[in-house]
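Spelled out, the chains give:
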Amino acid sequence: MNKVQIDEILNKVNGIKITHKRKTRIRVDVDADSLPTLLELIKGRASYIHLSAITCVDWIADNQFELVYHVWSYEEKCLISAHTRIDRGSEKNPAKYISVYDLFKPADFFERDIFEMYGVTFIGSPRMEKFILTEWNGVPPMLKDFDAEAYVQETFKWTDYNPDWLQELTDQGGGIAVKPEDIRTAGNTHNMSTHRERDKAKAAAVKANDKMQGWKQ
Amino acid sequence: MKKELKIKQKERTNPLAHVFDDFIRFCQSKSLFMLHYCTGCGAIELPPAMTSRFDMERLGIQPMVTPRQADILLITGYVSIKTLKRVILTYEQMQSPKYVIGICSCTVNGGMYWQSYATAKKLNEYMPVDVYIAGCMPRPEAVMAGLQRLKDNIRNDKKEHKGSAWKDYFKRYDYYLGNQQALFGEDWQTPTDIIAEAKLYGLETEETYGKHTKLLEKHQTPLLPQEMRIK
């Protein structure tokens, strides 16, 4: 199957944008509505039978999730990546999309993973439940608005490490350039309300580091 | 500073008791069986440490396959919350005296994964740790040095009291259980009855009990043999 033939099949889908990256890679951008049609078409007509992964990207500024379906053909030795964007939803009304489990059985695994990490519900997927993070009860952790650093600061305690011999070295002008505590407080967001404050603190930490570096030289 | 916790000690009438104790400590330090729970990347340093290049066996330390027959629990690398549950179950199955060694920076303070929501940071909040071997990752020499330190600690336990961290788990069970409950939820329960064991070893103190153990008593179900079946 050459380039013209595959284009002919793909162009049957409305509003499709095709980009031939390489001989073995085709990027396709489609609407959320026509993605299942596209997958069915390339599976039935063009031997793309292996769904190797589903990827999710959180575009928080656009309030959208991007779903990428990677489908491989053993005969063509070519990977079609179908990109689509869905509404990001909110906490009360989480994002929803249709499952492709009826077309590709491995989708069960990938969709369950995305459900856990991003909170996207796939309608028609057989097991929309906890998968790997069985101990986790918070928001889906891969969301961009989940602040892992703030969570860590609230949940865990840290080991202090200030032995006497280190103090001796520090008195002589050596020791640790930037202490772990300083890095942690720079990233500590749960008592800093704005991003500006946080950036400021981080910049201060970087500055302190530079100062030490300069001093060493 | 930790305050001294009093335990009810049995009266010892044998005049040679301390001689026997010394002898037992000597023997213990010379023959240790190690269970390596390889959670993270630090495990890669253990094969050279155990095999002919560095040869751990000349220190009297051998690998063991089951927690029930092991003395040392070696935790190599980051401990995720999910793994921590298994580590605690493994630790509680081991017979006393038991020793824990945390290898790599991750067990000390989260290491390079300190920002991660999924890894536990301080191992000694959940179980008493005898020796930490820091480094990312420590070379086999450092592992050997750490084990040598542990051996010395066991040998000199009478003077320095560094080789009996395992007693702390029974003495301050409420503290450790509280930290575990904070992560795993209030209905956390292990199949081992630590309080009964504390009584057996004579290591009950006032801090063995507390509000966390009370919480445990509420929902603790007696142990039943598990049904074996394939789903």
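Nothing here was measured: the structure is a model prediction, and the numbers come from that model.

Attention now moves to the overall build of chain B. The helix and strand tally for chain B stands at ten helices and seven strands. Since a compact globule built from 231 residues should have a radius of gyration of about 17 Å, the 18 Å found for chain B is in line with a globular shape. Judged by the C-alpha coordinates and their principal axes, chain B covers about 55 × 50 × 45 Å. When each of the 231 residues of chain B is scored for burial, the buried share is 36%. Intrachain contacts of chain B at a sequence separation of at least 6 include 81% that bridge at least 24 residues.

Within chain A, the secondary structure is distributed over seven helices and seven strands. Ordered by position in the sequence, the α and β elements of chain A form the string α-β-β-α-β-β-β-β-α-β-α-α-α-α. When burial is assessed residue by residue, chain A has 19% of its 217 residues classed as buried. Sequence separation of at least 24 residues holds for 50% of the intrachain contacts in chain A that already meet a minimum separation of 6.

The next thing to look at is the environment of Ile49 of chain A. Residue and element names in this part refer to chain A. You can see Ile49 is positioned in strand 3 (residues 48-59). Here Ile49 falls in the partly exposed class, since 15 other C-beta atoms lie within 10 Å of it. Spatially, the C-alpha atoms of Ile49 and Glu91 are 35 Å apart, while their sequence positions differ by 42 residues.

Residues and elements named next belong to chain A. Across the sheet, which stays open at both edges, the five strands sit in the order 1-2-5-4-3 with mixed pairing between neighbours. Of all strands in the sheet, those bounded by a partner on one side alone are strand 1 (17-20) and strand 3. On average, adjacent strands in this sheet sit at an angle of 20° to one another, irrespective of strand direction. In the packing of helix 2 (residues 35-46) onto the sheet, contacts are made with strand 2 (25-29), strand 3, strand 4 (64-73) and strand 5 (78-87), and the angle to strand 5 comes to roughly 165°.

Bringing the interface of chain B and chain A into the picture now. With twelve residues of chain B at the contact, the number on the chain A side is twelve residues. Mapped by element, the contributors of at least two residues to the side of chain B that touches chain A are helix 3 (81-93) and helix 4 (105-109) of chain B. Residues of the side of chain B that touches chain A, tallied by class, amount to five nonpolar, three polar and four charged.

What follows is about the sheet that holds strand 5 (residues 99-103) of chain B. All names here are of chain B. The strand order across the open sheet formed by five strands is 2-1-3-5-7, and the pairing between neighbours is parallel. Only two strands of the sheet have a single partner each, and these edge strands are strand 2 (61-63) and strand 7 (131-133). The mean inter-strand angle of the sheet, taken between neighbouring strand axes irrespective of direction, is 25°. Set on the sheet, helix 3 makes contact with strand 1 (32-37), strand 3 (72-76) and strand 5; between it and strand 3 the angle comes to about 165°. Here helix 5 (residues 140-155) sits on the sheet in contact with strand 2, strand 5 and strand 7, set at roughly 170° to strand 7.

It is worth spelling out the packing of helix 1 (residues 17-30) of chain B against helix 5 of chain B at this point. Residues and elements named next belong to chain B. Interhelical geometry of helix 1 versus helix 5 gives an angle of 170° and a closest axis separation of 8 Å. By the angle class used here, helix 1 and helix 5 are roughly antiparallel. Contacts between helix 1 and helix 5 involve Arg25, Phe26, Gln28 and Ser29 from the first element and Lys151, Ile154 and Arg155 from the second. Taken together, the residues of the contact of helix 1 with helix 5 break down into two nonpolar, two polar and three charged.

A few words now on the pairing of strand 5 of chain B. Residues and elements named next belong to chain B. With five of five residues buried, strand 5 is to be regarded as a mostly interior element. Side chains of strand 5 alternate between two faces, with Tyr99, Ile101 and Ile103 and Val100 and Gly102 buried alike. Relative to strand 5, strand 3 runs parallel, the two being bridged by five bridges. When the bridges of strand 5 are listed, Leu73 appears paired with Val100. Alignment of strand 5 against strand 7, held across three bridges, turns out to be parallel. By the bridge assignment for strand 7, Ile103 is matched with Ile133.

The next thing to look at is the confidence of the model for chain B. With 98% of its residues at a pLDDT of at least 70, chain B reaches an overall mean of 88. For this predicted complex, the interface score ipTM comes out at 0.80, while the overall pTM is 0.82.

So, on to the environment of Lys3 of chain A. Along the polypeptide, Lys3 of chain A turns up in helix 1 (residues 3-10). Put simply, Lys3 of chain A and His20 of chain A are 17 residues apart on the chain and 8.7 Å apart in space, counted from C-alpha to C-alpha.

Between the first and last C-alpha of helix 1 of chain B there are 20 Å, a value that for 14 residues agrees with the 20 Å anticipated at 1.5 Å per step. Along helix 1 of chain B, only one of the 14 residues are buried, which leaves the element largely exposed.

Turning to the pairing of strand 4 of chain A, a few remarks are in order. Residue and element names in this part refer to chain A. The pairing of strand 3 with strand 4 spans ten bridges and is classified as antiparallel. Across the sheet, the residue bridging to His50 is Trp72, located in strand 4. Where strand 3 folds back on strand 4, the antiparallel hairpin that results is connected by four residues, among which Asn63 adopts a positive phi of roughly 55°. As paired elements, strand 4 and strand 5 share ten bridges and run antiparallel to each other.

This brings us to helix 5 (residues 164-171) of chain A. The buried fraction of helix 5 of chain A is low, at zero of eight residues. Trailing helix 5 of chain A by a residue or two, Gly173 of chain A shows a phi angle of about 100°, which is positive.

Quick look at unusual backbone geometry now. The step from Ser96 of chain B to Pro97 of chain B runs through a cis peptide bond, and the omega angle for that step is -5°. Turning to its location among the elements, Pro97 of chain B is positioned in the loop between helix 3 and strand 5. Residue Met137 of chain B is reached from Cys136 of chain B by a cis peptide bond, and omega for that bond is -5°. Checked against the element boundaries, Met137 of chain B lands in the loop between strand 7 and helix 5. A positive phi angle is found at Asn63 of chain A, which is not glycine, with a value near 55°. Tracing the backbone shows Asn63 of chain A in the loop between strand 3 and strand 4. Owing to 11 C-beta atoms within 10 Å, Asn63 of chain A belongs among the exposed residues under this scheme. The residue Cys104 of chain B is not glycine, and still its phi comes out positive at about 80°. Summarising the element assignment, Cys104 of chain B is placed in the loop between strand 5 and helix 4. Exposure remark for Cys104 of chain B: the 25 C-beta atoms within 10 Å place this residue in the buried category.

Cut-off values and rules
Residues numbered from 1 in each chain as written. Chains lettered and ligands numbered in written order. Predicted model: local features only at pLDDT ≥ 70, side-chain atom pairs only at ≥ 80, totals over all residues. Helix = DSSP H or I, 4+ residues; strand = E, 2+ residues; numbered from the N terminus. Rg over C-alpha atoms; globule rule 2.2 N^0.38 Å. Buried ≥ 20, exposed ≤ 12 C-beta atoms within 10 Å, placed from the backbone. Contact = placed C-beta atoms within 7 Å. Pairing = 2+ DSSP bridges. Axes fitted to C-alpha atoms, helices over the stretch in contact; angles between N-to-C directions. Nonpolar A, V, L, I, M, F, W, Y, C, P; charged D, E, K, R; others polar. Parallel < 35°, antiparallel > 145°, perpendicular 65-115°, else oblique. pLDDT = per-residue confidence, 0-100. Expected span 1.5 Å × (residues − 1).

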